[in-house]
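Spelled out from the first residue to the last, the chains are:
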Protein chains: 2
Amino acid sequence: MTPSQLQTVSEAADDIRRLISQSDLPGASAVLTPLSVPEIVELVDRLGIEDAAIVYRLLAKSRAIDVFEALSPGTRGELVRALRNVEITALFAEMDPDDRVWLLDELPASVAPQLLRGLTRRERELTAGMLGYPQDSIGRRMSPEFVTAHPHLTVAETLTRVRAALDSAETVYTLPVTDSGRRVVGVVSLRDLMSASDDDLVSELMRDAHIADVMEDAEAAARRTTDYGLLAMPVVDSEQRLVGILTIDDAARILKQEESEDAARQGGVEPLRRSYLSTPIRRLVRSRVVWLLVLAVGATLTVQVLDAFEATLAQLTVLALFVPLLIGTGGNTGNQAATTVTRSLALGEVTPRDVMRVLSREVRVGFCLGLLLGTLGFVLAGLIYEWHIGLVIGLTLVAVCTVAASIGGIMPLAARAIKVDPAVFSNPFITTFVDATGLIIYFLIAKAVLGI
Amino acid sequence: MTPSQLQTVSEAADDIRRLISQSDLPGASAVLTPLSVPEIVELVDRLGIEDAAIVYRLLAKSRAIDVFEALSPGTRGELVRALRNVEITALFAEMDPDDRVWLLDELPASVAPQLLRGLTRRERELTAGMLGYPQDSIGRRMSPEFVTAHPHLTVAETLTRVRAALDSAETVYTLPVTDSGRRVVGVVSLRDLMSASDDDLVSELMRDAHIADVMEDAEAAARRTTDYGLLAMPVVDSEQRLVGILTIDDAARILKQEESEDAARQGGVEPLRRSYLSTPIRRLVRSRVVWLLVLAVGATLTVQVLDAFEATLAQLTVLALFVPLLIGTGGNTGNQAATTVTRSLALGEVTPRDVMRVLSREVRVGFCLGLLLGTLGFVLAGLIYEWHIGLVIGLTLVAVCTVAASIGGIMPLAARAIKVDPAVFSNPFITTFVDATGLIIYFLIAKAVLGI
């Protein structure tokens, strides 16, 4: 959105809220008429779900389905809960199979049978087939409606097939080429077909295909599709038989959701189902409170560590002054390592197999950082307080940075190895863990250096 | 990548390293031969830049350009620095204009004139035109090679235009429709052209176009392209004249880079130019040390605050025990708010105009969270230590959570308002800021409640 459009949508949202509260539905309808589909999507993302449902009902039927398909999965789920059964059933019949599966994932399992009953037999079979694949697999996100080419067919024959499928196929711009056993042997682009002669064979034009296994993680398959700039990637079963196709626009949508979830978890928040402004306060609180409680319970470790060293603290209060600085620096160093490794994992650049390589890198990086900060800390604390104190601070920084970088680098790999989202061992989690460790290191060094 | 492929690439990288160190280039070449282009890209991402340059030289010319275009912009820049001038000039001539501009952005400005001289006049003009748009604008990332349709032409005439442009145009699947003044009046898809009759007019088939302004932020334009699942979006100048096209694969590439930069800055790290495993240790240190120093200097604030309250601390050492817990909880609350708002900003869901709305939400969310944690803190600290201490802890948690959520929510908006990347006011930055504020609140409450 350009700024001017945003202003319009924001103002339109205010108008709509006011008109709905005054029960002026014709007025609200008039506000909606000049807006484009993307603008209505934005508008819906700014309204509470009850108002959003009213807006949705005010739309002409042809626009309603376009708006619905452009909404985020979370918003669709919420909206459907606010609609009446008959409205949902009509909507459901209009959707593509992959959108249907996505919607069912957002709804209570009990409504699925009822919605599926409203479909034609073929539609029901396509949708039910996809529901059979595991959650998070690409089998749930692909489209089962594709058009194929065959190696022994001519370009003219293939173009005829394409024309026949224009209405139903998810894409006609990239065609999987399959042999007589439905196995994928390559892909051919419509562009290449158009530039060839009518009697050229597909086998002369086709290229090696990037393929995804239907059980593969949806994010990994989507990442590969966009990384290689493929307009569409064939999805195959364990016998290499074509079962679906993943288009780049669907891949981008999968990645957007995954990135949002990763970003949220990295900050210690549960991902929101809807946009920030349309999420009620109690939902925002709920998305944060569990993490915050877990982290606070973790942080009571620091109270216990300090309690154990209370005698030392009472003897030398000056030690307390540096506690936030030292554990803060440790937390930052750990976060830096975790952020870098988590992102590399998401991009497929490192795997849990690389654990020793990552550890050896992070130990060295952490040690270098610790040496730099430690020297600075030694000089400054030495000048301002005493050289003994400076020595404690300097040595602690070296040790804490090395340990923190190592823990921060290893944690995401450990999470992935035990099949947990690496972003769950998030920065706040690492901070809390490093805090307690850092305090123990600090007081042990202090006792050793100061002889108390 | 499926796990088995990753293993192969990882092993191939080890083999290549060994063979290159033994100067066995024919051996290295034999390892490369069976690998696909994506596998070679992964391999290059695992090697140091010197080894990567050797691998690149070993590739057949036709594969070399494919590999090069699939590399990340950072890796391309590094690789080019490691190649000889004659190699670069040949490579540069083979690239698409948008890839060329992306590469020039990664190289020192002084090499641009030399590289541009190696191009044909037309290629040079296309590339130079793009270089005239501001850094970070979509003008630098679009493709200037497009094929257009016109409203008064028939389908048959348009398809002839498409066939003539198959070799040069960036995409032929979405055609901008322009009037006689080169102004964009709509788009038409190849699919719609194929399903129409030969003598239908384009004006009957075309739809409203989503367009981007050439000066618009590249990330915003890319986000819109993927959000609406557009295969391509026309890019226009201030007079609505078509100047380029943004395809969805390029949009996904822009978003990938932006997401990586955001993720890095959120963790307080400068984004890496290359993959983690191929980045030398000194580069990793450099990507972290500046942030860490800035944050450590910020954290000396906490030392000063504690120093100011040292008398209170010496009088009641038990207060020191809760310092990490309290500031940690404040930091976490601030991070949660900042993470949510930063992501919403990136997705275009909120803008700096929404500042009061965000503030009012975060004050309420923070207060609710503080009330929950504060009650818990009051009871636990009261039971274990004293009820007076419990009261201090409880009240501090309420105040700190409210303040932290507000600061965390506002900071990203403030950054955007002053045109700084919101991710730069990152979580560690907010933590540090909230730490000092939290300590002041803590000791003021302690002094008031305990009367010391």
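Residues numbered from 1 in each chain as written. Chains lettered and ligands numbered in written order. Predicted model: local features only at pLDDT ≥ 70, side-chain atom pairs only at ≥ 80, totals over all residues. Heavy atoms only, no water.

### Examining the domain arrangement of chain A
- We note that the domain assignment places domain 1 (3-134), domain 2 (155-266) and domain 3 (280-450) within chain A.
- Between the C-alpha centres of domain 1 of chain A and domain 3 of chain A the distance comes to 45 Å. (Domains from an automatic or database assignment.)

### Notes on the UniProt feature "domain: CBS" (unreviewed entry) in chain A
Residue and element names in this part refer to chain A.
- The positions that UniProt labels "domain: CBS" (unreviewed entry) are, in the present scheme, residues 142-204 and 205-261.
- Along residues 142-204 the backbone is 32% helical and 17% strand, and the end-to-end C-alpha distance reaches 28 Å.
- The span residues 205-261 carries 44% helix and 23% strand; its end-to-end C-alpha distance comes to 40 Å. (UniProt positions renumbered as here; feature names shortened; annotations may be inferred. Helix = DSSP H or I, 4+ residues; strand = E, 2+ residues; numbered from the N terminus.)

### Overview of the environment of Asp217 of chain A
Residues and elements named next belong to chain A.
- Within the fold, Asp217 resides in the loop between β3 (212-213) and α14 (218-227).
- With 34 residues separating them in the primary sequence, Asp217 and Ala251 have C-alpha atoms 12 Å apart.
- With near-sequence residues (within four places) excluded, Asp217 lies in contact with Asp136 and Ile138. (Contact = heavy atoms within 4.5 Å.)

### What about the relation of the copies chain A and chain B?
- Once chain A has been moved 0.0 Å along the axis and rotated by 180°, it coincides with chain B to within an RMSD of 0.0 Å. Here the symmetry operator amounts to a two-fold rotation axis.
- Both copies contact each other with a shared surface, as 100% of the interface residues of chain A are interface residues in chain B too. (Least-squares fit on C-alpha atoms with pLDDT ≥ 70 in both.)

### Focus: the nonpolar core
- Of all hydrophobic cores here, the largest spans 88 residues; its most connected members are Phe322 and Tyr442 of chain A together with Phe322 and Tyr442 of chain B.
- Contact partners of Tyr442 of chain B, with chain neighbours within four places excluded, come to Leu319, Phe322, Val323, Leu326, Val392, Ile393 and Thr396 of chain B. (Core = buried A, V, L, I, M, F, W, Y, C linked by side-chain atoms within 4.5 Å. Buried < 20%, exposed > 50% of the residue type's maximum accessible area, 1.4 Å probe, protein only.)

### A word on the side chain of Arg253 of chain A
Residues and elements named next belong to chain A.
- If you trace the backbone, Arg253 turns up in helix α15 (residues 248-266).
- Within polar-contact distance, the side chain of Arg253 engages the side chain of Asp99 at 2.8 Å.
- Those residues within four positions of Arg253 in sequence are excluded, and the remaining contacts are Glu69, Arg76, Asp99 and Trp102. (Polar contact = N/O pair within 3.5 Å; in protein donor to acceptor, adjacent residues only side chain to side chain.)

### Details of helix α3 (residues 37-46) of chain B
- Counting buried residues along α3 of chain B, nine of its 10 residues qualify, which places the element largely inside the surrounding structure.
- Within the sequence span of α3 of chain B, burial applies to Pro38, Glu39, Ile40, Val41, Glu42, Leu43, Val44, Asp45 and Arg46 of chain B.

### Some remarks on the sheet that holds strand β4 (residues 232-236) of chain B
Residue and element names in this part refer to chain B.
- In space, the three strands of this open sheet follow the order β3-β4-β5, with mixed pairing throughout. Where the open sheet ends on each side, the last strands, each with one partner, are β3 (212-213) and β5 (242-247).
- Sheet topology places β4 next to β5; five bridges connect them, and they run antiparallel. Paired with Met233 across the strands is Leu246, a residue of β5. (Pairing = 2+ DSSP bridges.)

### What about the packing of aromatic side chains?
- Applying the stated criterion to the full structure yields 11 aromatic pairs over all chains.
- Each ring, one from Tyr442 of chain A and one from Phe443 of chain A, has its centre 5.2 Å from the other, and the planes form 50°; the classification is tilted. Residues Tyr442 of chain A and Phe443 of chain A agree in their burial class; the two are buried.
- For the pair Phe322 of chain B and Tyr385 of chain B, a centre-to-centre distance of 5.4 Å together with 80° between the ring planes defines the contact as edge-to-face. Pair noted here: Phe322 of chain B is in the loop between α18 (318-321) and α19 (323-346) and Tyr385 of chain B is in the loop between α20 (355-384) and α21 (387-417), with a separation of 63 residues, a long-range link.
- The class for Phe322 of chain B is buried, based on a relative accessible area of 5%.
- Taken together, Phe309, Tyr442 and Phe443 of chain A form an aromatic cluster joined through their ring pairs.
- The ring of Trp102 of chain A has Arg141 of chain A sitting right over it, with the charged end atom 4.3 Å from the ring centre. (Phe/Tyr/Trp six-rings, centres within 6.5 Å; stacked < 30°, edge-to-face > 60°. Lys NZ or Arg CZ within 6 Å of the ring centre and 35° of its normal.)

### Description of the interface of chain A and chain B
- On the chain B side, the residues contacting the 113 residues of chain A number 113 residues.
- Sorting the residues of chain A by area buried against chain B places Tyr173, Arg191 and Tyr276 of chain A first, and these three jointly supply 8% of that buried surface.
- Our count for the chain A to chain B interface comes out at eight salt bridges.
- In this structure, the salt-bridge partner of Asp14 of chain B is Arg357 of chain A, at a minimum N-O distance of 3.7 Å.
- Here chain A and chain B share 35 residue pairs in polar contact (both at pLDDT 80 or more) between them.
- Here the element with the most residues in the side of chain A that touches chain B is helix α16 (residues 281-308) of chain A; it accounts for 16 residues. (Buried area = accessible area lost by both parts, 1.4 Å probe. Salt bridge = Lys/Arg side-chain N within 4 Å of Asp/Glu carboxyl O.)

### So, the pairing of β4 of chain B
Residue and element names in this part refer to chain B.
- When you tally the buried positions in β4, you get five out of five residues, the bulk of the element.
- Taking every second residue as pointing to the same face, both faces of β4 are buried, with Ala232, Pro234 and Val236 on one and Met233 and Val235 on the other.
- As defined by bridge partners, β3 adjoins β4 across two bridges and the pair is classed as parallel. Residue Asp213 lies in a different strand from β4, and its bridge partner there is Val236.
- What sits between the antiparallel neighbours β4 and β5 is a turn of five residues, in which Gln240 has the positive phi angle 65°.

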